[in-house]
Amino acid sequence: MFKRTKLSGAVVAAIASMTCAPHLLAQESTTLEEVTVTGIRASMDRAMDIKRDSTGVVDAISAEDMGKFPDTNLAESLQRITGVSINRVNGEGAEVTVRGFGPDNNMVTLNGRTMPTGTTYGGGSGADGTTRAAASRAFNFANLASENVSGVEVYKTSKANVATGGIGATININTMRPLDNPGLTANVGVKAVADTTNRYNDDITPEFSGIVSFANEEETWGAALALSHQQRDSGYSGVTVNNWNIGVWGQDDLYNQGGVPDADKAEIVNAPQDGQLYARPNDFRYAFSDTQRERLNGQLTLQFKPTEKLTATVDYLYADNDIEEHRGEVANWIQNGSNIARVVFDDSDIATPLSITEAYGGTVDVGYEQQYRSQSNTLDSFGLNVEFEVNDSLTLAFDVHDSSMESLPTGPDRSGEVAIGLGSPTVTGKTLDFTGSTPQYSYNTSVPGNALTAEHVGSSILRVRGAGSVNDITQAKFDGSFEFDDGRFDFGVETRQMEMSAYQTSGVNQALGNWGIANPGEFPADMLDVINVASQFEDFSTGNSPVTGFRGDAVELTRYANTLYPGTCLCVSDTNSFNDTLEEDTAAAYFQVGLNSELADMPVNFLAGVRYETTDVDSQSLVNPIPYLVWENNNDFSPGAAGDQQTWADKASYDNLLPSLDFDIQFTEDLVGRFSYSKSIARAGYSDLKVAPGNFALDGSTRNGAVPTATSANPGLLPLESNNLDLSLEWYYGDSSYVSLGFFEKRVDNFIGTGQEDETHFGILDQTSGPRAQAAAEELDALGLATDDTNLYAMVVLMEHPEAITDNPDIFPNGVFEGTNEQLLLLGETDGWDVIPESGDPEMVFRTSKPINNREAKIHGAELAAQHFFGETGFGVQANYTIVRGDVGFDNLGLPTENQFALTGLSDTANVVLVYENFGLQARLAYNWRDKFLTATNQGSSRNPRYVDTFSQIDLSIGYELTDQISLAFEGINITGEDITEYNRNERMVRYMDDLGARYQLGASYKF
């Protein structure tokens, strides 16, 4: 399915540079190689020295000792750096944001080499905030263990010799080199991991790590091997609202009361004023999951130094992260139309329901969908670096690597998610309550005492999805440095070939008991465990919501259902909703000159350079166009059988000239001032550069105002271009103490906004507003019945199948449609009666979202950082605060028909770390805080924003050296169990709520 780039071809073709090569990174902070002491304070000292000695604005983290990084997760360590914040998946740091620029706009390198990226999960279903399809430029730090990391450097200002792609920062991860550790050294460790969120798997899981390094006495060759293996069992409980629809009161009828007699219309309490924005949710659901993760990392490094002037390094990195999740839901859809009995609005600027009450002529279901997800992320990288000291002045280096990241589904039949819809069609009425911080609900059922059991549960729809991506990078660099009196001259060239392939299978609905859940009680009772839903939450109160829920194995349930419903299968679709390949070939050359001098008897350093890059883009999409959307029931649609495969392709190219200037002056021995200017770029996301349209969706009839949606892309997007200014002052007033204050500004052109255009695609026709739908509406008006989507669909089916009346006189006793539950069930669930387009229907007009270069913005902020140790007491403190501001924000009162552009990821952040190290005892207490921020724009047909609420976390680590060789350690992550909440236009419009918990680790290590 994917084509791998060959290393040999790139090596022959490459005239390479050593952009950000390891020896040049170390060149700006030689202290890193000289310090041999270990421990927390030594680690913080080395990081401070890197900051002080570097040209430009650089922050760093250093390992406390070989195999001992400050945090078990690199992202968790990075969040301690001024201006760096992270996002978390399942309570663990995953991706980083720097100075307001998100993960896609930061470059991550390993020993100076550009790393492949891309993570898919959950078949791209969109069922909650963790699922994702396609690929991204964001590097997921959760895939890498920290045991073999010797240091991480965050380059906030750009240089000519630093890899492009990071407007926020370039983050370089350094791993151990055996010639840096003469003789034989080794460290082995074991940990017991306890995650308090785990409910169904092992309460204690193991972690093993080992690292050994050897260099011969003459230091002419060396070898190092690092291995780590971790198992983690965890879970989470959450709340999801599946989109908030925004309308204009008096102009839009989101509650679809058209055609309902006035006497039967819903009671509206505190109705919005005409022209005021108001909201309606599609549903809300409680979700609970348990996840098992197994992570294996290994790195082998070989070094050969036959002479003092020649050093060759070969290294291979392997990282595998396997994830398996079982997830269940309790879901309540809003039925709308004549089912709505009462709506109470709040007094917000956007009128948001406090409660919605519905009453049904018959029964509807409460959903209990079960999902299984399985994905494997595999990173491997092979590289060769040769450094040759020609003479005392000239050093040359050659570096080449071939690296790949595969994120592929590992479920049955290459699936990433198996989702089997379950439900109990017993609900006669319900109320959704949004008055509290956690949405709640209540219902009445046809079951005495609402005592639901497995006998009341049946199947509805089966979805089996798969999504995956493969990113290959082959990079070669040739680079030189010429030193002269009071300065140096650096130069180099590079070539980089990148190929990203991504696909997602078509989301085909397989009818089991169908939307009406025709066969309650069809599963053996032992396949469905009854659970107490309220007990799944630690911090969120479900109030008086029903406590009954069900948990089952989605794969086992599906296989059993396949025996009940011939023609269904546990299989992904033979066609894809998208299958895209993007190739980027980049060639670059740079030079820079650094000078050391004095100004008014004050030492100054000057570094100026320029980098020129050209990039060729080749984008291809394999498309199986769908002929239409199948109207399966009131607001249920699925794609029709896809047609023959078509190939869409497009090419583009661009070039960039990127100057940089760094200047620092030492006012006194301890006081350093810095000024930096640079121009940097960040390339458009992979998914934005594909060719063909896709993701066709509809959630109701267009006659009643529903808007079909689709997405498209733009291979011709230019990279973001940022002009960066930095000004800072640093005071190093002690051996381990400093204070720094910095100001920065980034003026960015070519920001990628989301444009939306109303377009037709592939000749898809619209049966929901054609002649049949119009005739059905007229018939409903004549009968005095509501023309909502439920009745409209049923009447279209009845007019096409009048035999429904003659064949079922008990359901149609009066010979006409009356909208009874039995009639709706028959017309909505009979096989072969789905409504598909026909000649005469108009073309369906999709509101198509596509990325465009149409924005510019300015981001500015300030960073304050301090580090202080109190003499030889062993006590120390590290603190920082970052302010980030942008000149473009999201207007929450903007019309849902308006395209909006806004800067995402901007938020203030703060860290306070208290440390103690003395008498063999090490302790660290870290507090991390991030203010609320905008994480996405133009979500869904109402173009909603999505905000992440303010979040803070406290971590604790304690270590004790029993002997010079044996150490014990205890770690607590998120020890107060803080949670994450996301919302749309106001805080009442909850989008996601994740109930998280603490994770503890107890370990021992032996060093020899």
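Residues numbered from 1 in each chain as written. Predicted model: local features only at pLDDT ≥ 70, side-chain atom pairs only at ≥ 80, totals over all residues. Heavy atoms only, no water.

J.: Explain the sheet that holds strand 7 (residues 170–175) to me, using residue names and the numbers behind them.
T.: The strand order across the open sheet formed by five strands is 1-6-7-4-5, and the pairing between neighbours is mixed. Two strands close off the open sheet at either side, each with one partner strand: strand 1 (58–62) and strand 5 (113–114). Sheet topology note: the strand 4 (residues 107–110)/strand 7 ladder contains four bridges and is parallel. Bridge pairing in strand 7 links T109 to N172. Along the sheet, helix 4 (residues 40–53) contacts strand 1 and strand 6 (149–155); its crossing angle with strand 1, the most-contacted strand, is approximately 160°. (Pairing = 2+ DSSP bridges. Helix = DSSP H or I, 4+ residues; strand = E, 2+ residues; numbered from the N terminus. Contact = heavy atoms within 4.5 Å. Axes fitted to C-alpha atoms, helices over the stretch in contact; angles between N-to-C directions.)

J.: Residue-level account of a nonpolar patch on the surface, with values.
T.: A surface patch of nonpolar side chains, amounting to about 980 Å² of accessible area, comprises L184, V212, F214, W221, L225, L227, L300, L302, F304, Y316 and F382. When residues of the nonpolar patch are traced back to their parent elements, those giving at least two are strand 9 (205–215), strand 10 (221–240) and strand 14 (283–307). Mapping F382 onto the fold places it in strand 18 (residues 370–389). On the basis of relative accessibility, which here comes to 39%, the residue F382 falls in the partly exposed class. (Patch = residues over 30% accessible without salt bridge, like charges linked within 9 Å, V, L, I, M, F, W, Y side chains within 5 Å. Areas by Shrake-Rupley, 256 points an atom, 1.4 Å probe, with all protein chains shown as cover. Salt bridge = Lys/Arg side-chain N within 4 Å of Asp/Glu carboxyl O. Buried < 20%, exposed > 50% of the residue type's maximum accessible area, 1.4 Å probe, protein only.)

J.: Account for the pairing of strand 40 (residues 909–918), with residues named and values stated.
T.: Regular strands place their side chains on alternate faces of the sheet. For strand 39 (residues 875–886) and strand 40, the ladder comprises eight bridges, and the chain directions are antiparallel. Bridge pairing links Q878 to V913 in strand 40. The pairing of strand 40 with strand 41 (residues 921–930) spans 10 bridges and is classified as antiparallel. Bridging from a neighbouring strand, E917 pairs with Q922 of strand 41. In sequence, strand 40 turns back onto strand 41 through a hairpin of two residues, with F919 there showing a positive phi of about 55°.

J.: How would you sum up the packing of aromatic side chains? Please name residues and give values.
T.: Applying the stated criterion across every chain yields a total of 33 aromatic pairs. Where Y255 meets Y278, the ring centres are 6.2 Å apart and the plane angle is 25°; that geometry is what we call stacked. Note that Y255 is positioned in the loop between strand 11 (244–248) and strand 12 (267–269) and Y278 in strand 13 (residues 277–281), a separation of 23 residues in sequence. Using a relative accessible area of 4% as the deciding quantity, one classes Y255 as buried. Note on Y278: relative accessible area 1%, which makes it buried. (Phe/Tyr/Trp six-rings, centres within 6.5 Å; stacked < 30°, edge-to-face > 60°.)

J.: Describe unusual backbone geometry, and please don't skip the residues or the numbers.
T.: Positive phi outside glycine occurs at D413, with the angle close to 55°. On the basis of relative accessibility, which here comes to 39%, the residue D413 falls in the partly exposed class. Residue D486 is not a glycine yet carries a positive backbone phi of 65°. With respect to the helices and strands, D486 occurs in the loop between strand 23 (467–484) and strand 24 (487–505).

J.: Kindly report on the pattern of salt bridges, identifying the contributing residues and their values.
T.: One pass over the structure, following the stated rule, counts 50 salt bridges. With its nearest N and O atoms 2.8 Å apart, the salt bridge here joins D59 to K156. With a gap of 97 residues between them, D59 in strand 1 and K156 in the loop between strand 6 and strand 7 connect regions that are remote in the sequence. Among the salt bridges present, the one from K305 reaches E308, with a minimum N-O distance of 4.0 Å. Of the residues examined, K305 reaches a relative accessible area of 23% and is grouped as partly exposed.

J.: Break down the packing of helix 8 (residues 789–800) against helix 10 (residues 821–829) for me, with residues and values.
T.: In contact at an axis separation of 9 Å, helix 8 and helix 10 are set at 65° when each is read in the N-to-C sense. Regarding helix 8 and helix 10, the two cross each other, and that crossing is left-handed. For the pair formed by helix 8 and helix 10, the contact residues are T790, N791, Y793, A794, V797 and L798 on the first element and L824, L827 and G828 on the second. A class-by-class count of the residues in the contact of helix 8 with helix 10 yields six nonpolar, three polar and no charged. (Left-handed = near helix turned anticlockwise from the far one by under 90°. Nonpolar A, V, L, I, M, F, W, Y, C, P; charged D, E, K, R; others polar.)

Read these as spatial facts, not as claims about activity.
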